Amino acid sequence: MTAPEMKKDEELFRLFKEETRKYLKSGRSALEQTRNSKEADSKEADSRDADSVKTLYKSFHEIKNMAGMFDKKMIYELSLRAETALLPAVKDGKELSKELDELISKSLATLERLTESL
Amino acid sequence: MKKILKPVNILVVDDNPVILKVMRNTLEVLSFPVGEIYEAPDGAEGIRIAEEKDIDVVLLDVNMPDMDGEEMFVRLKQSEKTKDVAVIVISGETDPDKLNSLAKKGLKVIEKPFSVETIEKAIIEEAGKNG
């Protein structure tokens, strides 16, 4: 099955949009959690922060994989960039820098717009 | 390349419902006979199905919560019931350390997005190893 054939499968395409929205929502919520953890400053907050960064990474990873299947190049490229940018933070358990937080926030906003325009 | 005559029973393990559906659509148009197609949304369910059913090939995602694909692969190989099942990793993994670790285990890795031809070739090669 090729990408154009999959686009013709309306039910599958609807599911793709639905799942992308879910991952974007989960990503937004995880980003918010990392901001709250920074303010809390405790071991428990650090652990929550590491989990939230993993959730963020997973959101972009899944959106990228789905977009690739449907040949949605802009969504694919943007998710890939965000996923790649997050990888060091996932592996080292580091909190998000201000610059990375901004990049992720902007990426989520753009992906939300792109998804709604599908 | 070997020819497959007996229907191949395939288990797909992926926590993303869209990918599961795309995989099923792909498997339904392969040029050789596909028997049963089973789906599991996580590693634990995947192991349960692999142990209960007569599975020839597992198509396995890597990045899954609770038990990732690499851990599921190790568990499959540790079990007498499933140690001979062919496993193909289907992944959008970009972490070079993770990809190296999969390669060291001798796993066949197919990148997402994949084509029908790539999946077909990999299944023929891997299923063919077990006769």
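Residues numbered from 1 in each chain as written. Chains lettered and ligands numbered in written order. Predicted model: local features only at pLDDT ≥ 70, side-chain atom pairs only at ≥ 80, totals over all residues. Heavy atoms only, no water.

Chemist: Honestly, the packing of aromatic side chains in this entry has me stumped. Any pointers?
Modeler: Aromatic rings in a pair are described by how distant their centres are and how their planes are angled relative to each other. All names here are of chain A. For the coordinates displayed, the defined rule picks out 3 aromatic pairs over all chains. Ring geometry for Phe-13 against Phe-16: centres 5.7 Å apart, planes inclined by 55°, an arrangement best described as tilted. Taken together, the residues Phe-13 and Phe-16, both in helix α2 (residues 10–40) and 3 residues apart, mark about one turn of the helix. Neither Phe-13 nor Phe-16 differs from the other in exposure class; each is buried. Measuring from ring centre to ring centre gives 5.8 Å for Phe-13 and Phe-70, while their planes differ by 65°; the resulting arrangement is edge-to-face. Taken together, the positions of Phe-13 in helix α2 and Phe-70 in the loop between α3 (43–69) and α4 (73–92) put the pair 57 residues apart, joining distant regions of the chain. There is no split in this pair, since Phe-13 and Phe-70 are both buried. Counting every residue linked through ring pairs, the aromatic cluster contains Phe-13, Phe-16 and Phe-70. (Phe/Tyr/Trp six-rings, centres within 6.5 Å; stacked < 30°, edge-to-face > 60°. Helix = DSSP H or I, 4+ residues; strand = E, 2+ residues; numbered from the N terminus. Buried < 20%, exposed > 50% of the residue type's maximum accessible area, 1.4 Å probe, protein only.)

Chemist: How do you make sense of the sheet that holds strand β1 (residues 8–13) of chain B when you look at a structure like this?
Modeler: Sheet strands associate in pairs through backbone hydrogen bonding, adopting either a parallel or an antiparallel arrangement. Residue and element names in this part refer to chain B. Here 5 strands make up an open sheet; going across it, the order is β2-β1-β3-β4-β5 and the pairing parallel. Two strands in the sheet have a free side with no partner beyond their single neighbour: β2 (34–40) and β5 (108–111). Adjacent strand axes in the sheet meet at a mean angle of 20° when their direction is disregarded. Alignment of strand β4 (residues 86–91) against β5, held across 4 bridges, turns out to be parallel. Of the residues in β5, the one forming a bridge with Ser-91 is Glu-111. Contacting β1, β3 (57–60) and β4, helix α3 (residues 69–78) crosses the sheet at an angle of about 160° to β3. (Pairing = 2+ DSSP bridges. Axes fitted to C-alpha atoms, helices over the stretch in contact; angles between N-to-C directions. Contact = heavy atoms within 4.5 Å.)

Chemist: Explain the environment of Pro-88 of chain A here, please?
Modeler: Turning to its location among the elements, Pro-88 of chain A is positioned in helix α4. Measuring from C-alpha to C-alpha, the distance between Pro-88 of chain A and Val-53 of chain A comes to 10 Å, with 35 residues separating the pair along the chain.

Chemist: In this structure, what is going on with the nonpolar core? I would like to understand it.
Modeler: Across soluble globular proteins, nonpolar side chains show a tendency to be buried alongside one another. Counting residues in hydrophobic clusters, the biggest one holds 55 residues, and the most contacted among them are Leu-56, Leu-86 and Ile-104 of chain A together with Leu-27, Val-57, Leu-59 and Ile-123 of chain B. Among the nonpolar cores identified, the runner-up in size contains 21 residues, and Leu-11, Ile-55, Met-72 and Val-85 of chain B belong to it. (Core = buried A, V, L, I, M, F, W, Y, C linked by side-chain atoms within 4.5 Å.)

Chemist: Got a minute to help me understand the pairing of β2 of chain B in this structure?
Modeler: The side chains of a regular strand alternate between the sheet's two faces. All names here are of chain B. Two elements, β1 and β2, share 5 bridges in a ladder whose sense is parallel. Note on β2: the bridge partner recorded for Val-13 is Ala-40. Running through helix α1 (residues 17–27), the crossover from β1 to the neighbouring parallel element β2 is right-handed. (Right-handed = clockwise from strand over helix to strand, strands pointing away.)

Chemist: What should I look at first to understand the packing of helix α2 (residues 43–52) of chain B against α3 of chain B in this one?
Modeler: For any two helices packed against each other, the geometry comes down to the angle between their axes and how far apart the axes lie. Residues and elements named next belong to chain B. Interhelical geometry of α2 versus α3 gives an angle of 25° and a closest axis separation of 10 Å. Judged on the interaxial angle alone, α3 and α2 are roughly parallel. Where α2 crosses over α3, the handedness of that crossing is right-handed. In contact with Gly-43, Gly-46, Ile-47 and Ala-50 of α2, α3 contributes Met-72, Arg-75 and Leu-76. Among the residues forming the contact of α2 with α3, the class breakdown is 4 nonpolar, 2 polar and 1 charged. (Parallel < 35°, antiparallel > 145°, perpendicular 65-115°, else oblique. Left-handed = near helix turned anticlockwise from the far one by under 90°. Nonpolar A, V, L, I, M, F, W, Y, C, P; charged D, E, K, R; others polar.)

Chemist: I would appreciate a short explanation of the interface of chain A and chain B in the present structure.
Modeler: Quoted interface sizes are often the accessible area lost when the parts come together. Counting residues at the interface gives 24 residues for chain A, matched by 23 residues for chain B. Two residues, Lys-91 of chain A and Asp-97 of chain B, come together in a salt bridge whose shortest N-O distance is 2.4 Å. If you look at where chain A meets chain B, you find 7 residue pairs in polar contact (both at pLDDT 80 or more). Of all the secondary-structure elements, those providing two or more residues to the side of chain A that touches chain B are α2, α3 and α4 of chain A. Per-element accounting of the side of chain A that touches chain B gives the leading share, 9 residues, to α3 of chain A. (Salt bridge = Lys/Arg side-chain N within 4 Å of Asp/Glu carboxyl O. Polar contact = N/O pair within 3.5 Å; in protein donor to acceptor, adjacent residues only side chain to side chain.)

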